[in-house]
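# Understanding the architecture of this molecule
As a plain string of letters, each chain reads:
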Amino acid sequence: MPNKFNKLTVAIALASGSLAASQAAASGFQVREQSAKTLANALSNATAGAEDVSFMAYNPAAIGNIDGNQVAGGLAFIDATFELHDAQASSANGFIDYDRGGSREGGETAWVPSFAAKTQLNDQWDLGLAIYSPYGLSTKYDEDWIGRYHAIETELKTIDIQPTLNYRATERLNLAVGLRAQYADATLSNAIDFGSAAAMMGNPLATPGQNDVIGELTGDDWGYGYTLGALFQATERTRFGVSYRSEVDLTLEGDLDVDGTDPLSEGAIDAGLVSDTGGSADLTTPANLSLGVHHQLTDRLALMANAEWTEWSSFDELLVEFDDGSESRTTENWDDTWAFSVGANYSLNRQWMLRAGLGVDETPVPSAEFRTPRVPDADRRWASLGATWMATPDLGVTAGYLHVFGDDADIDQDGSKEENATRGNLSGTYEVAADVFALSVDYRF
């Protein structure tokens, strides 16, 4: 053990655990709530539905299915639960019990807005613009909770600005391309066991697992990518869709701020033993491919299905570089995944349409070894319902609700791993669930 608690000990512990997990957070919690209509159908109509301009976020060719001009806006509310049961945590050698109480529930709420607009330039070309959030996460635990050395707060926000051009190749086929400017902002924090380090340096007032330093790492960046889409009206009643969204590479640059939780740790910061610093880390939001079909079975009943592949395996490792030239590397080892959903719409009359859907979604986390309290992701199932009210032939209002049933998911962070040397052991079983409510309005003119 070095003679002093170097500031980079804090930085590396935060970056190798927190930012790596934030990267996992971006991939493990893709935000798909860009339309209340798709939410109400459990995303089963996302690629081939093309019901209004908001579907441009899922398939840019959707705007070719809408004549004239249209605007749409929406707001989704996400209420997530991530609670750790049967938790155990200790120092890497197992001698120090890290349980100090504190809630083991890390779920947060979040509001997700979206906007889209399009204009038909002529018989062959449509121009659109979508603004939405494709990735995001918010988890927050008490500062004294049992897993504080692995995570306290994680927040990732992204915004995509997507100008889109659609070409009506034939009466049945639309082809589209969109450019994506993506902004990402991350805030991550966790505790550092300064008490153990101070005790090893001979400080008689130090208590391992009691005198914590809280570090908060922030960073942001812009990145750029593209999206491609096609929409094919095979028959008068059957429509197929395919879309591809590229990965976006970002370099999050920011600052690490440290705070003490008691007089001993605060004194260490005042003495310069622990101090603020800066650094950067690469972050890639993954590519995905979607396939969909929409079939109007009768004049009142429509059936739909969707499949989405996401390239989570692009997160094989995270390299964090600090201002003094040092670095930290963390292995991610995530898997590519598929999500599948089916749904139905039923028109009661010209004004009211009822919606419902079911879906399944794989987690990219390969095992308990790679699950973190920042991203306690699990396999899940969706069930949704909603309705659209056409106030006028050109003005529609949609409300949707989706419940996420997550499987119980084990976590087993081993303190003997090099990247967990300062964070210790953490094990238990996560209970995962979420409720999502969405409201959107679309107007054609």
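Calculation notes
- Residues numbered from 1 in each chain as written.
- Predicted model: local features only at pLDDT ≥ 70, side-chain atom pairs only at ≥ 80, totals over all residues.
- Heavy atoms only, no water.
- Helix = DSSP H or I, 4+ residues; strand = E, 2+ residues; numbered from the N terminus.
- Buried < 20%, exposed > 50% of the residue type's maximum accessible area, 1.4 Å probe, protein only.
- Contact = heavy atoms within 4.5 Å.
- Areas by Shrake-Rupley, 256 points an atom, 1.4 Å probe, with all protein chains shown as cover.
- Lys, Arg positive; Asp, Glu negative; His and termini not counted.
- Charge placed at Lys NZ, Arg CZ, Asp CG, Glu CD.
- Patch = residues over 30% accessible without salt bridge, like charges linked within 9 Å, V, L, I, M, F, W, Y side chains within 5 Å.
- Salt bridge = Lys/Arg side-chain N within 4 Å of Asp/Glu carboxyl O.
- Core = buried A, V, L, I, M, F, W, Y, C linked by side-chain atoms within 4.5 Å.
- Phe/Tyr/Trp six-rings, centres within 6.5 Å; stacked < 30°, edge-to-face > 60°.
- Pairing = 2+ DSSP bridges.
- pLDDT = per-residue confidence, 0-100.
- Arc of directions from axis to C-beta.

## Description of the overall build of the protein chain
Along the backbone of the protein chain there are 4 helices and 20 strands. When each of the 445 residues of the protein chain is scored for burial, the buried share is 54%. Counted over contacts in the protein chain with a minimum sequence separation of 6, partners at least 24 positions apart contribute 72%. Accessible area for the protein chain stands at about 18000 Å²; split by element, carbon and sulfur atoms hold 54% of it. Across the protein chain, the mean location of the 27 positive side-chain charges is 9 Å away from that of the 66 negative side-chain charges.

## As for a negative patch on the surface
Taken together, the side chains of Asp142, Glu143, Glu216, Asp220, Glu253, Asp255, Asp257, Asp259, Glu266, Asp270, Asp276 and Asp323 define an acidic patch exposed on the protein surface. Looking at the negative patch, the elements with two or more residues in it are strand 7 (212–233), strand 9 (248–260) and helix 4 (263–270). When residues of the negative patch are assigned to their parent elements, the largest contribution, 4 residues, is made by strand 9. Among the secondary structure elements, Asp276 is positioned in the loop between helix 4 and strand 10 (277–285). For Asp276, a relative accessible area of 43% gives the class partly exposed.

## Here's the deal with the nonpolar core
Grouped together as the largest cluster of nonpolar side chains are 36 residues, with contacts concentrated most on Leu43, Leu84, Trp145, Trp382, Leu402 and Tyr430. Sorting the residues of this core by element identifies helix 2 (36–40), strand 1 (70–90), strand 18 (395–406), strand 19 (409–413) and strand 20 (425–444) as the ones contributing at least two each. Sort the elements by how many residues they give to this core and strand 1 lands first, with 7 residues. In contact with Leu84, other than residues within four places in its own chain, are Arg104, Trp145, Ile411, Leu426, Ser427, Gly428, Thr429 and Tyr430. Core analysis: the next-biggest nonpolar cluster, separate from the first, contains 11 residues, Phe194, Val213, Leu217 and Leu256 among them.

## Description of the packing of aromatic side chains
Aromatic ring pairs are reported here in terms of the distance separating the ring centres and the angle at which the planes meet. According to the stated counting rule, one finds 11 aromatic pairs in the structure shown. Each ring, one from Tyr141 and one from Trp145, has its centre 3.9 Å from the other, and the planes form 5°; the classification is stacked. With a relative accessible area of 0%, Trp145 lands in the buried category. The interplanar angle of 10° and the centroid separation of 5.7 Å between the aromatic rings of Trp338 and Phe340 together place this pair among those described as stacked. The class of Trp338 is partly exposed, set by a relative accessible area of 32%.

## Considerations on the side chain of Ser440
You can see Ser440 is positioned in strand 20. The exposure class of Ser440 is buried, given its relative accessible area of 7%.

## Observations regarding unusual backbone geometry
If you check the backbone angles, Ala42 has positive phi at about 55° while not being a glycine. With respect to the secondary-structure elements, Ala42 resides in the loop between helix 2 and strand 1. Note on Ala42: relative accessible area 0%, which makes it buried. Even without being a glycine, Leu43 presents a positive backbone phi close to 70°. Position of Leu43 among the secondary structure elements: in the loop between helix 2 and strand 1.

## Quick look at the environment of Pro373
Its place among the elements puts Pro373 in the loop between strand 16 (352–361) and strand 17 (380–392). Once residues lying within four places of it in the same chain are set aside, the contact partners of Pro373 are Thr139, Tyr141, Trp145, His150, Ala151, Ile411, Leu426 and Tyr430.

## A few points about the side chain of Asn420
On the secondary structure map, Asn420 appears in the loop between strand 19 and strand 20. Beyond its immediate chain neighbours, meaning those up to four positions away, Asn420 contacts His150, Gln413, Asp414 and Gly415.

## Examining the pairing of strand 18
Both strand 17 and strand 18 contribute to a ladder of 12 bridges, which runs antiparallel. The partner of Leu385 across the bridge, within strand 18, is Tyr401. The antiparallel hairpin formed by strand 17 and strand 18 contains 2 residues in its connecting segment. Pairing geometry for strand 18 and strand 20, over 11 bridges, is antiparallel. In the sheet register, Leu395 faces strand 20, and the bridge partner there is Tyr443.

## Some remarks on the pattern of salt bridges
For the coordinates displayed, the defined rule picks out 18 salt bridges. It is possible to trace a salt-bridge network through shared partners that takes in Arg32, Glu308, Asp361, Asp377 and Arg380.

## Section: the confidence of the model for the protein chain
Of the residues in the protein chain, 91% reach a pLDDT of 70 or more, and the chain-wide mean stands at 89. Contacts for the low-pLDDT stretch residues 1–27, under 50 throughout, to residues beyond four places or in other chains number 91 contacts.

## Here we look at a nonpolar patch on the surface
On the surface, Leu121, Trp125, Leu127, Leu165, Val177, Leu179, Tyr226 and Leu228 cluster together to form a nonpolar patch covering roughly 690 Å² of accessible area. At the level of elements, strand 3 (125–132), strand 6 (173–193) and strand 7 are the ones that each hand at least two residues to the nonpolar patch. Examined against the element boundaries, Leu179 turns out to sit in strand 6.

## Comments concerning helix 4
Taken as a whole, helix 4 has its buried residues at Leu264, Ser265 and Ala268. On an axial view of helix 4, the arc spanned by its buried residues comes to 95°, and they lie on one face. In helix 4, the exposed positions that point more than 90 degrees away from the buried face belong to Pro263 and Asp270. Residues of helix 4 that are buried make contact with helix 3 (194–200), strand 7 and strand 9.

## Quick notes on the environment of Gly359
Note that Gly359 resides in strand 16. Residue Gly359 is classed as buried on the basis of its relative accessible area, which comes to 7%. Sequence separation of Gly359 and Gly343 is 16 residues, and the distance between their C-alpha atoms is 8.6 Å. Setting aside chain neighbours within four positions, we find Gly359 in contact with Ala42, Phe340, Ser341, Arg380, Arg381 and Trp382.

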